[in-house]
There are 2 protein chains.
Amino acid sequence: MTVSQSSDRFRDRDKHSQSNFDVDYVIDYTIPPNESAEAEASFTQLIDALSSGGFATEVRPGRTSSSLLIFVKLASQSLLQSQIYRARVQDWLYGVRPDAPPAPSPSAGDDSDNGDNMARYFADDEPVTEAERLRLAYMLITLPRNEGGAGVTQGTGQWRFVKRVFPLHDRAFNKQWIADWSKKYNLDEGDIGRIRDRFGERVAFYFAFLQSYFAFLLFPAAFGFAAWLLLGPFSWLYAVVNCLWAVVFFEHWKMKEVDLAVQWGVRGVSKIQHPRPQFKFEREGVDPVTGEVVKVYSPYKRLAKQLLQVPFAAACVAALGSVIASCFAIEIFITEVYNGPFKQYLTFLPTILLTVFNPTLTTLLTRLAEKLTELENYDTHDAHQASFVRKVFVINFITSYLGIFLTAFVYVPFGKILVPYLDVFQLTAQRFTAEGKPLPTKSWQINPDRLSKQVMYFTVTAQIINFATEFIVPHAKRKVFKTVEKVQSELSEKSTEHHRKDHPEEADFLERVRDEAELDEYDVTIDYREMVVQFGYLSLFSVVWPLTACSFLVNNWVEARSDAMKIATNCQRPIPWRADSIGPWLDALGFLSWLGSVTSAALVFLYHSTSNGAPDGSPWDIKGWALLLAILFSEHVYLVVQLVVRGLVRKLDSPGLQKERRERFAMRKRLFERMAKRDVSAAVGGPGVSGGEKITREALEDEARRLSVAGEGTPEKMFWLRQRGASETIQVGKALISEMTANKTKASKD
Amino acid sequence: MTVSQSSDRFRDRDKHSQSNFDVDYVIDYTIPPNESAEAEASFTQLIDALSSGGFATEVRPGRTSSSLLIFVKLASQSLLQSQIYRARVQDWLYGVRPDAPPAPSPSAGDDSDNGDNMARYFADDEPVTEAERLRLAYMLITLPRNEGGAGVTQGTGQWRFVKRVFPLHDRAFNKQWIADWSKKYNLDEGDIGRIRDRFGERVAFYFAFLQSYFAFLLFPAAFGFAAWLLLGPFSWLYAVVNCLWAVVFFEHWKMKEVDLAVQWGVRGVSKIQHPRPQFKFEREGVDPVTGEVVKVYSPYKRLAKQLLQVPFAAACVAALGSVIASCFAIEIFITEVYNGPFKQYLTFLPTILLTVFNPTLTTLLTRLAEKLTELENYDTHDAHQASFVRKVFVINFITSYLGIFLTAFVYVPFGKILVPYLDVFQLTAQRFTAEGKPLPTKSWQINPDRLSKQVMYFTVTAQIINFATEFIVPHAKRKVFKTVEKVQSELSEKSTEHHRKDHPEEADFLERVRDEAELDEYDVTIDYREMVVQFGYLSLFSVVWPLTACSFLVNNWVEARSDAMKIATNCQRPIPWRADSIGPWLDALGFLSWLGSVTSAALVFLYHSTSNGAPDGSPWDIKGWALLLAILFSEHVYLVVQLVVRGLVRKLDSPGLQKERRERFAMRKRLFERMAKRDVSAAVGGPGVSGGEKITREALEDEARRLSVAGEGTPEKMFWLRQRGASETIQVGKALISEMTANKTKASKD
């Protein structure tokens, strides 16, 4: 009984109505009707592998008639503990921890009785969080057999019937979490820390970033509001402050990130790379350095494939750009040139076209990006993910900002030159009107409000739409599907048959697991993407509409809560991976912040006069050199300010860095003391302040004595023996000095 | 006798004619005539301090009648060895070494007999180089008493009579060194390694940089020669290749620097900071983290003083700029406008003015920079040095490049507008000619050759002058002074009196030491400055005259040898400090490399047409926007290329990184093995592949048995007991699968 008691102590779950039955992971196992024999054989292998990996297993029927649910838990406390110890030692060796973990006491040897001891031991010193436990369990499931795991990797080869391996939500915690957050205005470090303990550092970093960004948004929101009231759009003062803010935020986050990583004890975990099971190696080679067998894939081949990113980016620009540009052209034509029949319906045409084409193309391109990244064949997860994120960023950059870029830097400045080419549409449209007489058109005027309307659309409406598609739609969809399924399963006998088989005390639990098995995996990349794109609007275009930050402030308050809800209810519980930063998104942030200095300068320069003077529709006799000078100046001021801010931020202290210093200092002190002890015991003659002189004198006298015994010394030895010991040197020196003084006084007397 | 034998083994010096008598350091002690009593008291303290720090001392008269030479050596081998061990442990704790140094064997305890053992022990494993020995001896002399040193810091407070503490040159090595290098075309890593062993890493890094730069210069020299033949000046192709080369060189050096630091085992030594004895603290505080007493100086005060750098830079620009600009204006006026009497003499006027004012101002400003840096009151040597180097770079940037900038971007483009203002000179000149009739002037033409002449002057003539002032002049000066002194001392009796006192077998040695005491300290900053400024010419202006790199190639071959000569003969032996990089100069290199992309683009854009078409003297209807676009484009291409090159260079392997990987791997492996052993001995139940299943089954069966004894279990416990062990799970699963298949086939039959 003690074993399960101690395991209860590990996982302080609400035991009563919403217990997870001590399950660590659930494996969703599919049995395709035409491969049931293979699936059966593979199932046997799977259970064997898990069992020999140290897991207890249970199997239950899934919801549909072609799936099984395999429940998995670590069979013994001692296995968990030795895994934890091993993982912590590895962390130490890779420099993630400053210090070796204390070894488990040998008395905890006997498994059945002393699990308790161990549990208490770990719990007192460094508690094992649920995230750590689940992460280690997952590692044990997926690690290759020769590294001590069960070698089960979902969806590939032998394990192609393993559809998903997922942990179970902690309902009680989730409920509390959502309730807490919906009542709070501001999240503190404790809130983020609790996320970290449950969902791991990767998810916690997202929320920490979101929270830090939210807190930083307060300033541009307040300043933006003031600027909106007092300065109006395209104010250079706003642009300068906004850029400065972006720099400060970016540099602050870079430090905060390190700080959090240190506080969470994960600084440098990115150095511990997880091999990608999908990696295809060309040959096995022997590492010249370590002598280990490593899997090699030619870096030149990879480079060649990475170069495909260039045509890929070009394809993205071409595909998405042409869709956006042509919708844009149609829109301008219809709203601002065309004045014919059906105008009220035709105005919706470009929006419809965009709504159809844009997501389709984005999905296609994202899939292409996935394929490309797959092709690049990285050997580690992180490298794969970083490469994929880069591509996703390119796609999102184009879909998000290209429209505004076109308005700001093509439509308004060059509109007069370009619009005549829209005659193409006019001619096409004329074909469809039978009479062949020219269509009624308005005389065309550049619409300077267009830019601000577009920015407002992207910063307000698009955020709301986004929220809806991200959160409400999947929720509703799931509800509908579930109802449909229920009706279906009530109609068919088969599944109720299963349900009848459920033991009554398990029935609720199993029903819950079957629900969770149908949820999507949580992908933190999507959430980061959204925030980074949002930051981009603020950095690049908020000078057009200074209220941007206010809108984002509101949005992000909701965002944090809706993301929490999404994780808690719309997604499977994520596997609690560790991370030591927000990863490749940091570069994207830095890029957007820098680009902001360029676009802001250009926007202010181009539009400042329009917003001040009367917009007469043709203030566009811009001086090219002045525009370029403004951009050049702004960009370089930005870069210098960045250097200065970086220098200043580095000098700041932070809890994380203090912690690191404290730990390092303690470690050094302890080791120095140990060394000093050894020094004494080895009697190498520690010099010290007091011991020094004695040794010196003794040594000298010793040497002198021996030399005098030996009779004759070399000139060298004689040199060091002319003055025996310090006192003789002092005597001789004093004599020399007084002699010199005497000489001098004599000389001056002469 | 064994002690000195083993010390012989440590320092493999040429023993015969040029022995240094085992001296580690010489202290040059001055006795001002009016303070001889204080000097005498201080002398006693000094010898006491040294003696209690573990040094043997000898005193001899100096050359002049107001100086003493104090000879110092470490009194015992065991002191040296315990210091070495201590220093190596510290390195390990600061992460400089991957691994703890092996503890000296306890049998080496007895000092007089077993010094041998120790020496052999260190020598076999990691030999103690002369640089390490001298560095530790110096540390022991200068460290405060409470840290185990003698607390002697030259020139301050109590020790104001200590003029200099310097090690003695190893004549035999120096001779060999110069002979070797003068015969070699190319220096290899072994040559640099020998420098490192003698003069420490700081000096070795300079030579490594010089060598690396020299090797990299081969390419631009060859390409520049080809470009000079085929493309002529202001070729955009040359500019692109040159910028690309600068990027590659810079990124390569950044990696090479790390590589060397790892190979030399000094990576991260800059983290071990040496406190500056001149640091003035405001108060003593307790470090909140470590609890140690630390000396505090308000960072805000320092920041306020650092802000003085801005007016300082402005003052530099104003002072040097106005001197250069007015000389420049006078020169133009005289050579290109003025046509009156004394022209042949007056043409030298600006050169004379520059030669007088420029070095004077530079010296003044450098001294001001020193004062300012002193005022900023840094607590560590490195911070002080970095701040000083920044200021020196600003001064040198202005003196070196401002003239060319003025020619290229003011004189030629705006000459037509500006030259009329030179009438001021004309009017002044007219005053001096009595008749009041207008002076004869040429009609003014912009001289497009001026720029290339100036660049050629700076890249060839200035380098030669530099070599002369740096190397030949001090050498000659010293020779002359020495002769004068000899004559003087032959005339006076006093000093010959001393010399008569010298023991005949020491006389030569003492004479040599007296010579060395009069030499200057070697300052590696000056040498770096020269190279960085040279790199600047290449990066910024070589597009004007593509042969620049050829000139530098020749110059640097000589430079390496003359710098070696300078260290060996013109300077005191430097104290062998460690370093892990070329320090703040790296930033200067990066800045110049970046600025090169801007100036090259501007120069090519402005001058390309002149050099191609006939220089008609007025091609200066430049399009501002096109120029700015060219600069903007070039700069951003540069930045992108830099990112790409950085990415590629990072992927390269290098001996240093391999060494680091090997050491880390060995360390991890060893520790893992030790942990694994402990794991076994602690019997925590290592999971492994084989042990896992047994444990699981046993644990499960165990649990089941106990539960069945206890009678009733909770639903949770019951859940995990439905299938006892893996085999039951497999059975149940198989049954479920076949049932499903049966259902399905039934359904499909229906």
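Basis of the calculations
- Residues numbered from 1 in each chain as written.
- Chains lettered and ligands numbered in written order.
- Predicted model: local features only at pLDDT ≥ 70, side-chain atom pairs only at ≥ 80, totals over all residues.
- Heavy atoms only, no water.
- UniProt positions renumbered as here; feature names shortened; annotations may be inferred.
- Axes fitted to C-alpha atoms, helices over the stretch in contact; angles between N-to-C directions.
- Helix = DSSP H or I, 4+ residues; strand = E, 2+ residues; numbered from the N terminus.
- Parallel < 35°, antiparallel > 145°, perpendicular 65-115°, else oblique.
- Contact = heavy atoms within 4.5 Å.
- Nonpolar A, V, L, I, M, F, W, Y, C, P; charged D, E, K, R; others polar.
- Patch = residues over 30% accessible without salt bridge, like charges linked within 9 Å, V, L, I, M, F, W, Y side chains within 5 Å.
- Areas by Shrake-Rupley, 256 points an atom, 1.4 Å probe, with all protein chains shown as cover.
- Salt bridge = Lys/Arg side-chain N within 4 Å of Asp/Glu carboxyl O.
- Pairing = 2+ DSSP bridges.

The name an unreviewed UniProt entry assigns to chain A is DUF590-domain-containing protein, from the organism Parathielavia appendiculata. Heading Subcellular location (unreviewed entry) of the UniProt record for chain A holds this comment: "Membrane".

Now for the packing of helix α18 (residues 524-541) of chain B against helix α19 (residues 548-570) of chain B. Residue and element names in this part refer to chain B. Relative to each other, α18 and α19 sit at 175°, their axes nearing to 11 Å. Taken as axis vectors, α18 and α19 run roughly antiparallel relative to one another. Seen from α18, the contacting residues are Asp527, Glu530, Met531, Gln534, Tyr537 and Leu538; seen from α19, they are Thr548, Ala549, Phe552, Asn555, Asn556, Glu559, Asp563 and Lys566. Class assignment of the residues belonging to the contact of α18 with α19 gives a composition of 5 nonpolar, 4 polar and 5 charged.

On to a nonpolar patch on the surface, then. All names here are of chain A. A surface patch of nonpolar side chains, about 860 Å² in accessible area, is lined by Phe225, Trp228, Leu229, Leu230, Leu231, Trp236, Leu237 and Val240. Of all the secondary structure elements, the ones that give two or more residues to the nonpolar patch are α7 (189-230) and α8 (236-263). Among the elements that line the nonpolar patch, the one with the most residues is α7, at 4 residues. Residue position: Trp236 is located in helix α8.

Glancing now at the sheet that holds strand β4 (residues 162-166) of chain B. Residues and elements named next belong to chain B. On the basis of which strands lie adjacent, the open sheet formed by 4 strands has the order β2-β3-β1-β4 and antiparallel pairing. Where the open sheet ends on each side, the last strands, each with one partner, are β2 (55-61) and β4. Ignoring which end each strand starts from, the neighbouring axes of this sheet average 20° apart. Sheet analysis places strand β1 (residues 25-30) next to strand β3 (residues 67-74), joined by 6 bridges and oriented antiparallel. What sits directly across from Val26, in β3, is Phe71. Packed on one face of the sheet, helix α17 (residues 504-518) meets β1, β2, β3 and β4 and runs near 105° to β3.

All names here are of chain A. Tracing the backbone through its elements, the reader meets Val645 in helix α21 (residues 624-651). Put simply, Val645 and Phe250 are 395 residues apart on the chain and 9.8 Å apart in space, counted from C-alpha to C-alpha. Excluding anything up to four places from it in sequence, Val645 contacts Val247, Val248 and Glu251.

Phi at Phe21(A) takes a positive value of approximately 55°, unusual for a residue other than glycine. By the element assignment, Phe21(A) lies in the loop between α1 (2-10) and β1 (25-30).

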